[in-house]
Amino acid sequence: MTLERRPPHRPTVSVVIPVKDDAVMLRRCLRALAQQSEQPDEIVVVDNGSRDDSAEVARAAGARVVECVTAGIPAAAATGYDHATGDLVLRLDADSLPDPTWVADFRRDFAQRPDVDVLTGAAHFVDGPRALRVPLAATYLGLYALLGFAALGHLPLFGSNLAFRRAAWRSVRTEVHRGDAEVHDDFDLAFHLGGRHRIAYSRRADMGISMRPFDDGRAFRTRIARGFRTVLTHWPDELPHRRVARRLGRAQRAAPER
């Protein structure tokens, strides 16, 4: 008797997009998601009190719209993660432009790295002065990674190009500072996920992002202030050397005895 071999489980994918008053960019983002080589199983758009037609744009594209009445990206992002039903949760912003293989790349990375629960990827600018796109992206993301590693003791997360296993989110969902609109949600999530789960860098998954944050000096300063606030919120208990020591301790306890 020959047993029928079952195909391996193909993880389902939820894409989460927080949005507030960004219908034009959201339409472009959803169009790019519709052109993916592997379609996500669902797209969850979290409407954080938009006064424009962002919600209507999302519904017209077939996305599931979830309302978040608590102001701020931390609350909106967490609400999206809570409502995601996929095995894998992929996050990007309304003004992001994913590569055509973005979903497939993350799905493949997780399949090949079962020890990794969280992945973060690279980005490139798709607008602004062409001559500045490459050097500015390298400087901006390079500094973010360097400073983030110094504060966390591991890779930071980049919310415009982020993916994690839903089980990992469920392990920290009650701990993230979702009610504080002045924390940096990517950084806060990195503190919580990185304390229990392995974070790795995806060389495949690339993301187009907008240079808009550099157009408004006040908004850019606000981002920096939120980063500092997030770090101070977690210190001194989450000083990098303490985090590394705890992680090494857990690894030793989990290692099989010889």
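The sections below set out a description of the structure shown in this document. Since we're looking at a predicted model, the values are computed, not measured.

**Some words on the nonpolar core**
- In terms of nonpolar packing, the biggest core is built from 37 residues, with Val15, Ile17, Leu26, Leu30, Val45, Leu90 and Trp102 touching the most fellow members.
- For this core, the leading source of residues is helix α1 (residues 23-34), giving five residues.
- Those residues within four positions of leucine 26 in sequence are excluded, and the remaining contacts are Ile17, Val19, Val45, Ser54, Val57, Ala58 and Ala94.
- Counting residues in hydrophobic clusters, the runner-up holds 29 residues, among them Val16, Ala78, Val118 and Ala190.

**Topic: the packing of aromatic side chains**
- If you walk through the whole model with that rule in mind, you get six aromatic pairs.
- Between tyrosine 81 and phenylalanine 164, the ring centres sit 5.0 Å apart and the planes meet at 90°, which makes this aromatic pair edge-to-face. Placement of tyrosine 81 in helix α3 (residues 73-83) and of phenylalanine 164 in strand β7 (residues 162-165) is noted, with a sequence separation of 83 residues between them.
- Ring-pair connections join several aromatic residues into one group, and the members of that group are Tyr81, Phe164 and Trp169.

**Section: the packing of helix α7 (residues 185-194) against helix α8 (residues 217-234)**
- Packing of α7 against α8 leaves a shortest axis separation of 9 Å and a crossing angle of 25°. With respect to their mutual orientation, α7 and α8 come out roughly parallel. Of the two elements, α7 crosses α8, and the hand of that crossing is right-handed. Mapping the contact onto sequence places Phe187, Asp188, Phe191 and His192 in α7 and Gly227, Thr230, Val231 and His234 in α8.
- When the residues that make up the contact of α7 with α8 are grouped by side-chain class, the tally is three nonpolar, four polar and one charged.

Reading guide: rules and limits
- Residues numbered from 1 in each chain as written.
- Predicted model: local features only at pLDDT ≥ 70, side-chain atom pairs only at ≥ 80, totals over all residues.
- Heavy atoms only, no water.
- Core = buried A, V, L, I, M, F, W, Y, C linked by side-chain atoms within 4.5 Å.
- Buried < 20%, exposed > 50% of the residue type's maximum accessible area, 1.4 Å probe, protein only.
- Helix = DSSP H or I, 4+ residues; strand = E, 2+ residues; numbered from the N terminus.
- Contact = heavy atoms within 4.5 Å.
- Phe/Tyr/Trp six-rings, centres within 6.5 Å; stacked < 30°, edge-to-face > 60°.
- Axes fitted to C-alpha atoms, helices over the stretch in contact; angles between N-to-C directions.
- Parallel < 35°, antiparallel > 145°, perpendicular 65-115°, else oblique.
- Left-handed = near helix turned anticlockwise from the far one by under 90°.
- Nonpolar A, V, L, I, M, F, W, Y, C, P; charged D, E, K, R; others polar.

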